[in-house]
Amino acid sequence: MDGPRDLSKLFQPESVALVGCEPLEAERVASWPLHNLLLHASPVRAWPVSIRHREIAGIPCHRSLADLPEVPDLALVMSGSSTVPDVLTEADRLGVGAAVVFGGVDQETRDWIRDFVTRSKVAVLGPNSNGICVVEQRVTCTAAPFAALPELLPGPVSVVSQSGALISSLVARLRRNGMGLRLSCSIGEAIDVSIGDFLRHVADDAGTETVLVYLEGLRDRDSFLSGVRTAVAAGKHVVVLKAGSSAVGKETVRHHTGGLVGSHAAFRALCEAEGVFVAGSVDELTSLPALLRSHSGAVPALGVVSGSGGIAALLADRLTAAGLAVPAVEPAVAERIQAAVGGAAHHNPVDLGLHDEQHNRAAIRALAADASIGALVYGAQAGPDEILGPVRAALIEVASAGIPVSVWSAEGRTAGESPDLKAAGIPVEPSIDVLVAGLRTVLLRDRDIMVERQAALDAWQPNRDRAAEAAALLRSAAPGGAVPGQQAWRLLAMYDIPHAPEYGAPTAEYATHLARYVLGYPVAMKLSHVDLAHRGRAGAVRLGLADADAVRAAFDQLVDVRVRLDLPDAEVVVQKSADPAAELIMGARVDIETGPVVFIGTGGADAEAANRVSMAPAPVSPGIAARLVDAYRRTGGVALGETGAERLHLVLANLSAMAMDLAGDLDVVEMNPVLHRAADSRAVDVLVYRAPLA
């Protein structure tokens, strides 16, 4: 069926058929959904369907969907792979609204489901799903262990996961962080109902504030992005954890880009441009909902306070290292803090070392009142409640006045173990790393990038004639192979990317002719071959050749290298030498999951070791290109100077056009190095790879 699925019967069923249901005492996957529905006194009418049992838990069993006294809204298919086609066919004929296929299926059944969903109105979740849960309405149609607990904690967080087994762990962690669950959905293989469908569904759910997404592969980029945009536009926070870094070892052998711009990095760049928060771990994933609830929109300037000078200093160090400001306070505020607790001249961080209730409260109030402070971070040490209780009360007072507060518990407490802070909506995190990462993610979010990206998408107009010519050039290479050198340079020229071309020299004498009459001394000489990516590492480059004797000697040396490398058809090429300049790596990659991205980073032979690169999804407007260059500057890469940056912006925009034009044919275009100076910027080496066959 074309178009987004209607998931109302999946998440709001009034009746459910449990096909293949097993007795509760069996404690199998097929037992737990009915167990959980009964445990939580679900209002959903439950109908066991089984050919093996007459009744389960006192409820009569029926032999098929057709035998039920009503057409169920939802069917849970737990009867095994071989039965799935018959059950879904019957569900479709009867008008069942949705079905969940539990467990894995064989390839034949998988292919059958793919065909079925194209012609059926039944919304199919799975296969390899373990169900759904709507906590507040007690719709516990799931085999997930968390639903077998006697009490479920409702809350504003919805969870969708490709791993059903992970959901219970996420729910447990959320609970420890003081956050309850709204909806859960084990997406499984997502043959039909996708993560994008779930995001579109929760966009209309008033009870969902934050959506946690766990995925192992982005199977449908367009559906995912559509869901993300719908949810973000509806004011939902979308937080994603993507597992499984791409295997880039083979790519790194071919080009630097594989080690710098892998699928994980490309995915992060895409998400950030779309307004999605990206978590780096399960801890971060489950800590972000509380921070987003309390800190969204806060100014990224933090007041740090603790009863321990060491804890306060450690927090301040980690926060500033993460790019968050811990500013000195205004003089009047400093005087108030000094009068209350004494301490260092700048009075941020604040050490509450006196352990005096009245003075500590005054210091906390003063710090929170400073106009430059957007939020407070408290470093909590172990100690008696007589001392720490009044400090917590002061923090709660500040939070209730609208100043965001977060807590790092140095002794390892969670929000679930801090009921007064939990009740006040103050996040408590036992890990300083997780808290700092979360604050950085929430507070340093670029809120304008989504607007710029949408404008770039709206403005993008392909040049179809140029795209067709470029695609034909790219297809001169085998699928997955390198484009020959001269065609690669021609591709750069087609997209107006400045470069220093290479000229083939079949003999030493012709090389001297090129150097003297075409290029002018000094020149560089190299070997060019589709299987020779890292020419410098292979000893296939000679630089600074200032006269004819040097050119002849270099030619002979490169011929010897050609023999040593067993590349008899490698071509000796001559190129005009470049003056010293900042060495950059620039290029584009079409990621199989996330689509085209462009990047800029520190170049040269050790680009991977430097590992300083910034990237953005295409299309890239001049404004996004400027942000990208600024982001690279912040990595601490090579100094670019204040002039000439606009040329880099243009190169990035042109690379973006190339990647958009060739999204179906291009794997990587890598220019390394691009020599950048105030007067000009140009590529002196290029690798282009055609996309492998799907």
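Residues numbered from 1 in each chain as written. Predicted model: local features only at pLDDT ≥ 70, side-chain atom pairs only at ≥ 80, totals over all residues. Heavy atoms only, no water.

### Regarding the sheet that holds strand E23 (residues 571-576)
- On the basis of which strands lie adjacent, the open sheet formed by four strands has the order E20-E23-E21-E22 and antiparallel pairing. A strand with exactly one partner marks an edge of an open sheet, and here the two such strands are strand E20 (503-504) and strand E22 (541-545). (Pairing = 2+ DSSP bridges. Helix = DSSP H or I, 4+ residues; strand = E, 2+ residues; numbered from the N terminus.)

### Points about the side chain of Glu429
- Tracing the sequence through the fold places Glu429 in strand E19 (residues 428-429).
- Buried charge without a partner: Glu429 forms no salt bridge, and the closest opposite charge is Arg173, 7.5 Å away.
- From its side chain, Glu429 meets the backbone nitrogen of Ser431 in a polar contact 3.1 Å long.
- Sequence-distant contacts of Glu429, that is, excluding residues within four places in its chain, are made with Asn177, Ser287, Val407, Trp408, Ser409, Arg413, Val434 and Leu435. (Buried < 20%, exposed > 50% of the residue type's maximum accessible area, 1.4 Å probe, protein only. Lys, Arg positive; Asp, Glu negative; His and termini not counted. Salt bridge = Lys/Arg side-chain N within 4 Å of Asp/Glu carboxyl O. Polar contact = N/O pair within 3.5 Å; in protein donor to acceptor, adjacent residues only side chain to side chain. Contact = heavy atoms within 4.5 Å.)

### Observations regarding the packing of helix H6 (residues 195-203) against helix H7 (residues 221-233)
- Where H6 meets H7, the axes come as close as 7 Å, and the angle between the chain directions of the two elements is 15°. With respect to each other, H6 and H7 are oriented roughly parallel. The handedness of the crossing between H6 and H7 comes out as left-handed. Taken together, the residues of H7 that come into contact with H6 (itself represented by Ile195, Gly196, Asp197, Leu199, Arg200 and Ala203) are Ser223, Phe224, Ser226, Gly227, Val228, Thr230 and Ala231.
- Of the residues that constitute the contact of H6 with H7, the class distribution is six nonpolar, five polar and two charged. (Axes fitted to C-alpha atoms, helices over the stretch in contact; angles between N-to-C directions. Parallel < 35°, antiparallel > 145°, perpendicular 65-115°, else oblique. Left-handed = near helix turned anticlockwise from the far one by under 90°. Nonpolar A, V, L, I, M, F, W, Y, C, P; charged D, E, K, R; others polar.)

### A word on the sheet that holds strand E15 (residues 302-306)
- An order of E16-E15-E17-E18-E19 is seen for the five strands of this open sheet, with the pairing classed as parallel. With one partner strand each, in any of the chains shown, strand E16 (350-351) and E19 form the two edges of the open sheet.
- Sheet analysis places E15 next to E16, joined by two bridges and oriented parallel. In the sheet register, Ser306 faces E16, and the bridge partner there is Asp351.
- Together, E15, strand E17 (375-380), strand E18 (405-409) and E19 form the strand contacts of helix H17 (residues 432-443), whose direction differs from that of E18 by roughly 160°.

### Re unusual backbone geometry
- Looking along the chain, the bond that leaves Gly126 and enters Pro127 is cis, with omega of 0°.
- Relative to the assigned elements, Pro127 resides in strand E7 (residues 123-129).
- With a phi angle near 50°, Ala41 is a residue other than glycine that sits in the positive phi range.
- By the secondary structure assignment, Ala41 is in the loop between helix H2 (32-39) and strand E2 (45-49).
- On the accessibility criterion, Ala41 (52% relative accessible area) is exposed.
- For Ala57, which is not glycine, the phi dihedral falls at a positive 55°.
- Residue position: Ala57 is located in the loop between strand E3 (55-56) and strand E4 (59-60).

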